[in-house]
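Each chain, letter by letter, is given below.
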Amino acid sequence: IFILLLTWVGYLIHPLNQIRIYIEKVRNGENPTLKIDRHDEIGELASALVSMNEEIKRQEFLKEEMVQNISHDLKTPIATIKSYGESIKDGIYPYETLEKSVDVIIEHADRLEKKVHSLLLLNRMGYLASEDKLDHKVDMIDIVAKAMQSLKVVRPEIKLETDISPAFYPGSEEPWRVVIENLLDNAIRYARSHVLLHLSPGECSVYNDGPSIPLDR
């Protein structure tokens, strides 16, 4: 009876020790594995812990991805406000007149305000779905014009050219504007002298005369 009792206690304690070690490794930021092939309460507990850890990792990945995307989205409005403000301080009006140049600054300040409100709404059910209305179409020529006007002061020495045809893309204005601004921002950053944006109903592409990206990247 004593030997059977010891065997039974060991049968219980060993998987519990495995679970304890697994929890400690997770707490220390390690990437442990836990395999307990049992069909009782201990096995269910082990499976629940593994599932919980995987869900935590997934949430952390989504959080990091969201922070990176938001940081990228905020970069262009901030750079535009800074560039326009510095130009106006030097007595230069990037967009024809002082009033129009200030309007650009106000517009991008409004965009930043909307993005901050969007962050506060991210935890509400259905927010992303409500923002991505694919049944609605936006005028891409208007979006391209706004993006070009915003970014032309980042590197004034770069010539911005367009080859555009009337195009209406599904979605809402702000996400498409972020896409166009990101494409232009990257192109302007590495261009030598000019950037060309091509827009058609089925394609949007940006070319610059800077160094080419290696084929193996």
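The structure presented is a predicted model; accordingly, all values stated were derived computationally and were not measured.

S.K.: Just to check I follow, could you spell out the nonpolar core for this structure?
M.R.: A general trend in soluble globular proteins is that nonpolar side chains are found buried together. Core analysis: the largest hydrophobic core is formed by 18 residues, its most contacted members being M140, V144, I180, L184, V195, L197 and L199. Residue assignment for this core shows that the elements contributing at least two residues are α5 (140-151), α6 (173-190) and β4 (194-200). Discounting residues that sit within four places of it in the chain, L184 has contacts with A147, M148, L151, V195, L197 and V206.

S.K.: Would you mind showing me how to read a nonpolar patch on the surface here?
M.R.: A grouping of L5, W8, V9, Y11 and I13 is seen on the molecular surface, where their side chains present a nonpolar patch of about 500 Å² in accessible area. With respect to the helices and strands, Y11 occurs in helix α1 (residues 2-27).

S.K.: Looking at this structure, how should I read the pattern of salt bridges?
M.R.: Should the charged atoms of two oppositely charged side chains come close, the side chains can pair. Counting across every chain of the model gives 14 salt bridges. Residues participating in the shared-partner salt-bridge network are E107, R111, E174, R177 and E181.

S.K.: Whenever I open this one, the sheet that holds strand β5 (residues 203-208) confuses me. Can you help?
M.R.: Two pairing modes exist for strands in a sheet, parallel and antiparallel, and in both the strands are linked by backbone hydrogen bonds. The mixed open sheet is built from three strands, whose spatial order is β2-β4-β5. The sheet is open, and its two edges are formed by β2 (159-164) and β5, each paired on a single side. On average, each strand axis in the sheet is tilted by 15° relative to the strand beside it, whichever way the strands run. In terms of strand pairing, β4 meets β5 through six bridges, oriented antiparallel. Paired with L196 across the strands is Y207, a residue of β5. Seen against the sheet, α5 touches β2 and β4 and runs at an angle of roughly 180° to β2. Across the face of the sheet, α6 comes into contact with β2, β4 and β5 while running at roughly 15° to β5.

S.K.: How do you make sense of the side chain of N208 when you look at a structure like this?
M.R.: On the secondary structure map, N208 appears in strand β5. Polar side-chain contacts of N208 include one of 2.8 Å to the backbone oxygen of A187. A polar atom in the side chain of N208 sits 3.4 Å from the backbone nitrogen of G210.

Cut-offs applied
- Residues numbered from 1 in each chain as written.
- Predicted model: local features only at pLDDT ≥ 70, side-chain atom pairs only at ≥ 80, totals over all residues.
- Heavy atoms only, no water.
- Core = buried A, V, L, I, M, F, W, Y, C linked by side-chain atoms within 4.5 Å.
- Buried < 20%, exposed > 50% of the residue type's maximum accessible area, 1.4 Å probe, protein only.
- Helix = DSSP H or I, 4+ residues; strand = E, 2+ residues; numbered from the N terminus.
- Contact = heavy atoms within 4.5 Å.
- Patch = residues over 30% accessible without salt bridge, like charges linked within 9 Å, V, L, I, M, F, W, Y side chains within 5 Å.
- Areas by Shrake-Rupley, 256 points an atom, 1.4 Å probe, with all protein chains shown as cover.
- Salt bridge = Lys/Arg side-chain N within 4 Å of Asp/Glu carboxyl O.
- Pairing = 2+ DSSP bridges.
- Axes fitted to C-alpha atoms, helices over the stretch in contact; angles between N-to-C directions.
- Polar contact = N/O pair within 3.5 Å; in protein donor to acceptor, adjacent residues only side chain to side chain.

Note that all results are geometric; they support no functional claim without further evidence.
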